[in-house]
Amino acid sequence: MASAALGAAEARSGFADGMSLNDRKIAVDGAATEAAEKILRQAPFRIRVAAGEGERDDSPGAHSGQWLGLENGTLPKVDAVFDYVDGTELVAENLPGALTLGGFGGDVRAVPDLQAYAVLAPVDLLEDLDLGPSPEVSVIPVLDRIAKAVGKSPDTLTVSTHSVASKPMHSTLVELMRGQGSEVLVPERVTVEPPYLLSLIGLSRPRIDTMIGAIGLSELAFAAGLIDLIAPDLGFVFRLASIAGPRAEPELTNLDALFKFSEDEEIALRRSGWDKDRPYTSKDLVRPGSSRGAALFAVTDNPALGVSAPRPDEKGVVHVEGFLVKPAARVGRIRLGYRR
């Protein structure tokens, strides 16, 4: 993950004048993927990628079903979730907040490259939260249930949610939550969830009470593994969601388009054994207690976590900063130096 962060950060130096945003994003993802997989292919164990980004759009990145590590039938096997750059647009625009993400576990369910509408809540509450109605209808009852479970009133909850910068589809949901008096944290550009989750153990501020909104399935798989490591009394309840629907109706100010699946998406869901019409919880993604570790490193400066983008010191050594998270919320801050 550190190598991916270094590769992604250095890709910016190769941007040509007039290069489109999409081309810059592909260059960043490609450099990060190449750097990470050069190392992962040599891992002394077999790695089954359960979730990754880019497969749907044929972009560089880890793909669900991919195998990494040395090819030896006697080696131990682990499941992994990789997002070699979470916040590619932030890197392409030289904005803060981008991270590389990697999580390992013993039992991670493979997911297609789609989305989910998800809610973070106490584990004992997950089965009782009704996500069947549209999000705009269900969000107030959901907030009420979460507030009661954590011993607060809805107007004292702190909620993180999705950015509305790229699409206005979240705006109604945000207005409803703010109408309850909750403090709603809305990213300015691109949503990168781990800093909000790490607030649960004091690594960022403010501390969230819940997370509600759209999230990529690969990011949700990583988030579920991270929660298993740092706060196993919490978890996610979620409904599977479309990528094609929001792309087809970008001007919507509600989340209805999340549940309008294309034929290709329907096929991908059936092939992978997921049902778009039923709710799931974290344990359907990551078996409780099976997460072994997670790593995240800064690609661009991350003020929320206090880690800096890769940059050389006076001796020309490039330093990459991040965290290693292990079970029981054991967290180590890591600073690696690369000499060119």
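Visitor: Teacher, can you tell me more about the sheet that holds strand β6 (residues 158-160) here?
Guide: Paired through backbone hydrogen bonds, the strands of a sheet run either parallel or antiparallel to each other. If you walk across this open sheet you meet the six strands as β7-β6-β8-β5-β9-β10, and the pairing is mixed. Pairing within the sheet leaves two strands with one partner each, and these edge strands are β7 (183-185) and β10 (280-281).

Visitor: What is the right way to read the environment of P303 from this model?
Guide: Mapped onto the fold, P303 is located in the loop between β11 (291-298) and β12 (311-312). The class for P303 is exposed, based on a relative accessible area of 66%. The spacing of P303 and S204 is 99 residues in sequence and 8.9 Å in space, taken between C-alpha atoms.

Visitor: Is there a simple way to explain the nonpolar core in this structure?
Guide: General note: in soluble globular proteins, nonpolar side chains tend to be found buried as a group. Counting residues in hydrophobic clusters, the biggest one holds 79 residues, and the most contacted among them are F82, Y84, L120, L220, F236, F238 and L285. With ten residues, the top contributor of residues to this core is helix α7 (residues 217-230). With 26 residues, the next largest nonpolar core counts L126, A147, V237 and F259 among its residues.

Visitor: Whenever I open this one, unusual backbone geometry confuses me. Can you help?
Guide: Working note: non-glycine residues mostly have negative phi, and peptide bonds are mostly trans. At the junction of R205 and P206, the peptide bond is cis and its omega measures out at -5° in the coordinates. Here P206 lies in the loop between α6 (194-198) and β8 (210-216). The phi torsion at N94 lies on the positive side, around 55°, for a residue other than glycine. Its place among the elements puts N94 in the loop between α3 (88-92) and β4 (99-105). Of note, A328 is a non-glycine position whose phi angle comes to about 65°, a positive value.

Visitor: Would you mind showing me how to read the side chain of S291 here?
Guide: Within the secondary structure layout, S291 lies in strand β11. The residues contacting S291, other than those within four sequence positions of it, are F104, G105, G225, D228, L229, V286 and P327.

Visitor: Looking at this structure, I do not really get the packing of aromatic side chains. What am I missing?
Guide: The geometry of an aromatic ring pair comes down to the distance between the two centres and the angle between the two planes. Going through the model one piece at a time under the given rule, you end up with six aromatic pairs. Arranged with centres 5.8 Å apart and planes meeting at 25°, the rings of F238 and Y280 form a pair that is stacked. Note that F238 is positioned in strand β9 (residues 234-241) and Y280 in strand β10, a separation of 42 residues in sequence. Of the two residues, F238 and Y280, neither departs from the other in class, the shared state being buried.

Visitor: What am I meant to see in the packing of helix α4 (residues 135-150) against helix α5 (residues 171-179) here?
Guide: Between two packed helices, both the angle of their axes relative to each other and the distance between the axes serve to describe the pair. In contact at an axis separation of 10 Å, α4 and α5 are set at 30° when each is read in the N-to-C sense. In terms of orientation, α4 lies roughly parallel with respect to α5. α4 and α5 meet at a crossing whose hand is right-handed. Every residue of α5 that contacts α4 at P135, E136, V139, I140 and L143 is listed here: T172, L173, L176 and M177. The residue inventory of the contact of α4 with α5, partitioned by class, reads seven nonpolar, one polar and one charged.

Visitor: Quick question: what am I supposed to make of the pairing of strand β14 (residues 330-339) here?
Guide: Looking down a regular strand, the side chains alternate between one sheet face and the other. Sheet analysis places strand β13 (residues 317-326) next to β14, joined by ten bridges and oriented antiparallel. Residue V317 lies in a different strand from β14, and its bridge partner there is R339. Between the end of β13 and the start of β14, which pair antiparallel, lie three residues, with A328 showing a positive phi angle near 65°.

Visitor: How do you make sense of the packing of helix α1 (residues 2-11) against helix α2 (residues 21-40) when you look at a structure like this?
Guide: At a closest axis distance of 7 Å, the pairing of α1 and α2 adopts a crossing angle of 150°. As judged from the angle between their axes, α1 and α2 are roughly antiparallel. In this structure, α1 crosses over α2, and the sense of that crossing is right-handed. When α1 is examined against α2, the residues S3, A4, G7, A8 and A11 are found in contact with a partner set consisting of A27, V28, A31, A32, A35, A36 and I39. Split by residue class, the contact of α1 with α2 holds ten nonpolar, two polar and no charged.

Here is what the cut-offs are and how they apply
Residues numbered from 1 in each chain as written. Predicted model: local features only at pLDDT ≥ 70, side-chain atom pairs only at ≥ 80, totals over all residues. Heavy atoms only, no water. Pairing = 2+ DSSP bridges. Helix = DSSP H or I, 4+ residues; strand = E, 2+ residues; numbered from the N terminus. Buried < 20%, exposed > 50% of the residue type's maximum accessible area, 1.4 Å probe, protein only. Core = buried A, V, L, I, M, F, W, Y, C linked by side-chain atoms within 4.5 Å. Contact = heavy atoms within 4.5 Å. Phe/Tyr/Trp six-rings, centres within 6.5 Å; stacked < 30°, edge-to-face > 60°. Axes fitted to C-alpha atoms, helices over the stretch in contact; angles between N-to-C directions. Parallel < 35°, antiparallel > 145°, perpendicular 65-115°, else oblique. Left-handed = near helix turned anticlockwise from the far one by under 90°. Nonpolar A, V, L, I, M, F, W, Y, C, P; charged D, E, K, R; others polar.

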